[in-house]
Amino acid sequence: MLNKLVEASLRYKFLVIVIFLLIAFLGLRAVNNVPIDAFPDVTPVQVNIYTEAAGLAAEDVEQLLTFPVESSMAGLPGVEEIRSVSLFGLSYVSVYFEDSLDIYFARRLVMERLQEVSERIPEGYGKPEMGPNTSGLGQVFWYTIERADEKLNADINDMDLRTIQDWNVRLMLRTASGVDDVMSWGGKEKQLQVIIEPLKLIEYDLTFRDVMEVIDLNNRQVGGQYINQGPEQYLVRGLGLISDVTDLGKIVVKVKDGVPVYLSDVTKIEEKPALRFGAVTRDGKEVVLGMALARIGENAKNVVDAVKEKMAIVESTLPEGVVVKPIYERTDLVEKATNTAIYALIEGSILVAVVLFLFLGELRSAIVVIAALPLAMLIAFIFMNEMGLSANLMSLAGLAIGIGMMVDGAVVLTENAFRIMAERKANGEIVDRTSAVLAASKEVINPIAFAILIIIVVFVPLFSLTGLEGKLFKPMAFNISFAMAGSLLLTMTIIPVLAAMILKPKIERDTKLVSLIKKVYLPVLDWSLLNKKKVIGVSVGLLIGSLSLFPFLGKEFMPQLQEGSVMWRIVSIPSTSLEESIEISKKVEKALTAFPEVNTTVAMIGRAEKGETADVNYMEIYTDLKPVNEWENNRTIAELTHEMREELEESVPTSVISFTQPIQMRVEELISGVRATLAAKIYGEDLAVLDKISQEVKQAISSVQGVDDLSLEANIGKPQIQIKVNREKLARYGMNAEQILTLVKNGIGSEPVSSLIQGVKRFDIVVRLDDESKSSMTSIKDIPISTPTGAIISLSDVADVTVSEGYSFIRREQLQRYAVIQMDVKGRDVDSFVQDAIEAINDKVEMPAGYWIEWGGAFENQQRALKRLAIIVPITIFFIFVLLYTAFNSVKYAAMIIANVPFATIGGLFSLFITGQYLSVPSAIGFIAVFGVAMLNGIVLISFLNELREKGRSVKEAVRKVLN
């Protein structure tokens, strides 16, 4: 069948050329249409659920919100994992589904279950909501909204900036194609605050509940259906919405002695900022940060371009004195990553062309062979476009790896065609180029087809990878397979046609380079044929020597991608206030901007609304670096970050400092639920026991060589003022707990009671106590309360007001609590580090029953990938053996070719050991590619040997002829 395809191609040369011109056109169109990204989106099928419960501590959030949501999601079909974080005022539950499940179907399942969960959550404790339909890497565009000049525009306050972001910029950017949501962070949200002085309420015989209810009842818009006036119909509207502070103050609270008592008489009403759970500073000044989130499956570059188009409109609508400044966009990294891959492709192609010309020594032959390279790549792009694969660092790396293999078939066929033409010319025959190419093709097309098929099969183990490693490396395997399939098609069609049209019959002569190599090689070959046992002995010795190095090779999941920016993680003690964290961020940014390599810094403190799951003692500082060619000092990024860290440790000695990169951090969080390269997770039920064990485990790990950035998440030590109602004392005064809890929730906690609606804008209306009434423990205890009999008592008379320590957050995974010890590994491989750490923990820590440790992060993926490859690779080798047996109908020949494969590892293993590189999944893929080349060479060699032996040559003569 293959020979018939070659015959048909040579018979219809013009038609074949037209078809491949069409394929080239489709390939170029696919190049322009294929989505472009830095690397594959490794986000699992994940649905996030947020429940905001203002004022609730982490322990209450876990009990009242997180556990009901978790337990209800556990029964959904296709659920693989459930993680959660309960922290002050927020429950975050992340549900991970099987990769085969459609994300929209998963979200529908979650939505249906949330309706049931809402009924199980007590009223007033928050409503669970799904997060944006975006991935962990969906933050494609960051920008800040700032005053153009801090002094000239001082009249623009932080509330104005946040209002502009929430109700102007955010709404416009959400209409950009591919944007699922825009997140706001920092600034100050505007509120209408009704501030109560407790004695004033008592003076007018009012309760806190009276004020809340009167505001709610008098801030409404109603419809009165319609009435008919003659032949016309009139709609009836009842307009009673509050319009501003003055309007709110005119609400009548009660009538005393026939005189109305207005809300403004008993309270102070002001526009003030809401309580904050996070802030953002840029280069030492507070700003508002916006993040555009790309919808799952969207092309990051197209989304960024769409956001930029909208941003141009946004800038024209901003009030004077307000500016928008972009600070991060994914396309910067996309361009770096794709340029790296494109340069590798170009350099590889040029090297292949140069080597071909040097070895073939004939320009026409080189042109025929090189034609296969761009065409094979274009065919790969056509398949990528059809399958929805993006052009990224990993998928383009597949093409880079396959550059040499793409032309192997064309080289063999073209060289054989040139040889046959030369032989016929030397014999004085009239050379029919088409006939010579056909004869040459019939000799080699079967071994070429089998060799290329086996190269594709060699990469089958990559298709078996799952999880993060599968998402990373499958695109590479797909692209190699597409390119090799394309090269096989080219070798059977257009290459014979071009060879028949371009090659000229002439006497075959070795190039100078080949002649020089032969002068050295042929004597070595002759000696080897005479000393077979010595050659085999040395080869086996080298193989054993290289394999013996394997235990000494470091192992890691994959090398780090340099993103050109640094993300600092700074954790202070749990009791740190937001204001103190802002001051720390300013110190950090001052220290970082002193480095000439730094372009700008942005500190993100605490959390955004439905965004980060962090408390105010945690901050991430994005440090954008200038291009390396603009650096004044010849420092590497590693040296720069080391010096920066030393400077930061001096500036903020009380904080724990570590660093990573923006996308790397998100990927690490997706892997193990924590923002670290490596994490030890300790599971158990009792938080106090978990804390004790964690301290011991941390101490044990600290003694292991190579540990860096070791930190235990400090979740204990969050100060709490606990106001516990005393029901017996309440009963003496004829009161219930509701009155006290309302005072705590609204009076101290500023829970909104209504909303001010101004067009599309919404601002909360809160009723709260004045600052003096809640400024200290003493003032809280002394808050006056009126009893039903008119007596005045203090809060401490009916409630126990105490100070205690609680938890900043509580992590859960698979319905179990766990603590996390985060770390990085420097100067050694992760695999051996974990083994040493496990030994240290076993020696120094005694685990109680019901408590255990698991390792997460890159190590987890590495182990999963190696276990799967350990099963799949032997199976793949068996199938390759079957293919080889099918090709040669001989167990001996199949075994000879397979036996050649282990020797292909010698150079690679020695190179890894000498250069100090680690054995990673990418390096394993490099070995796989080498195995494919080794088998291709073996197939072609054995095929020619058999052909020469059939012509009567001895084995030795045939070997020397083939290798000559």
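Residues numbered from 1 in each chain as written. Predicted model: local features only at pLDDT ≥ 70, side-chain atom pairs only at ≥ 80, totals over all residues. Heavy atoms only, no water.

- As recorded in an unreviewed UniProt entry, the chain goes by CusA/CzcA family heavy metal efflux RND transporter and comes from Colwellia maritima.
- Listed under Sequence similarities (unreviewed entry) in UniProt, the entry text for the chain is "Belongs to the resistance-nodulation-cell division (RND) (TC 2.A.6) family."
- The heading Subcellular location (unreviewed entry) in the UniProt record of the chain holds the text "Cell membrane". (UniProt positions renumbered as here; feature names shortened; annotations may be inferred.)

Considering the environment of Glu-443
Step number 1: On the secondary structure map, Glu-443 appears in helix α16 (residues 433-458).
Step number 2: In this structure the C-alpha to C-alpha distance between Glu-443 and Ala-417, which are 26 residues apart in sequence, comes to 9.7 Å.
Step number 3: With sequence-adjacent residues up to four places away left out, Glu-443 is seen in contact with Asn-416, Arg-419, Ile-420 and Glu-947.
Step number 4: A polar contact is formed between the side chain of Glu-443 and the side chain of Arg-419, at a distance of 3.1 Å. (Helix = DSSP H or I, 4+ residues; strand = E, 2+ residues; numbered from the N terminus. Contact = heavy atoms within 4.5 Å. Polar contact = N/O pair within 3.5 Å; in protein donor to acceptor, adjacent residues only side chain to side chain.)

Points about the side chain of Lys-190
Step number 1: Topologically, Lys-190 is positioned in strand β7 (residues 190-196).
Step number 2: For Lys-190, the residues in contact, after removing those within four places along its chain, are Met-159, Thr-163, Glu-271, Lys-272, Gln-758, Phe-763 and Asp-764.

Here we look at the pairing of strand β3 (residues 90-97)
Step number 1: With eight of eight residues buried, β3 is to be regarded as a mostly interior element.
Step number 2: Judged by which residues are buried, β3 turns out to be covered on both faces: Leu-90, Tyr-92, Ser-94 and Tyr-96 on one side and Ser-91, Val-93, Val-95 and Phe-97 on the other are all buried.
Step number 3: Where strand β1 (residues 45-52) and β3 come together, eight bridges link them in antiparallel fashion. Following the sheet pairing, Asn-48 is matched in β3 by Ser-94.
Step number 4: In terms of strand pairing, strand β2 (residues 79-87) meets β3 through eight bridges, oriented antiparallel. When the bridges of β3 are listed, Ile-82 appears paired with Val-95. (Buried < 20%, exposed > 50% of the residue type's maximum accessible area, 1.4 Å probe, protein only. Pairing = 2+ DSSP bridges.)

Re the nonpolar core
Step number 1: Within the largest apolar cluster, 123 residues are counted, with the highest numbers of intra-cluster contacts made by Trp-142, Leu-399, Phe-459, Leu-490, Met-604 and Leu-884.
Step number 2: No other element matches α16, which puts 14 residues into this core.
Step number 3: Setting aside residues no more than four positions away along its own chain, Met-604 makes contact with Trp-142, Trp-185, Ala-279, Val-280, Leu-289, Met-291, Met-567, Tyr-618, Met-619, Glu-620 and Tyr-622.
Step number 4: The next biggest cluster of nonpolar side chains, apart from the first, holds 40 residues, and it includes Phe-208, Val-214, Leu-248 and Ile-780. (Core = buried A, V, L, I, M, F, W, Y, C linked by side-chain atoms within 4.5 Å.)

Digging into the pattern of salt bridges
Step number 1: One pass over the full model with this rule turns up 33 salt bridges.
Step number 2: Put simply, Glu-298 and Arg-295 hold a salt bridge, and the shortest N to O gap is 3.5 Å.
Step number 3: For Glu-298, a relative accessible area of 35% translates into the label partly exposed.
Step number 4: Taking the relative accessible area as the measure of exposure, Arg-295 reaches 27% and is therefore partly exposed.
Step number 5: For Lys-681, the salt bridge goes to Glu-813, with nearest N and O atoms at 2.9 Å. Separated by 132 residues along the polypeptide, Lys-681 in strand β20 (residues 678-683) and Glu-813 in strand β28 (residues 809-813) bring together distant segments of the chain. In terms of burial, Lys-681 and Glu-813 fall into one category: buried.
Step number 6: Among the charged side chains, a network of salt bridges with common partners joins Glu-62, Glu-70, Arg-812 and Arg-817. (Salt bridge = Lys/Arg side-chain N within 4 Å of Asp/Glu carboxyl O.)

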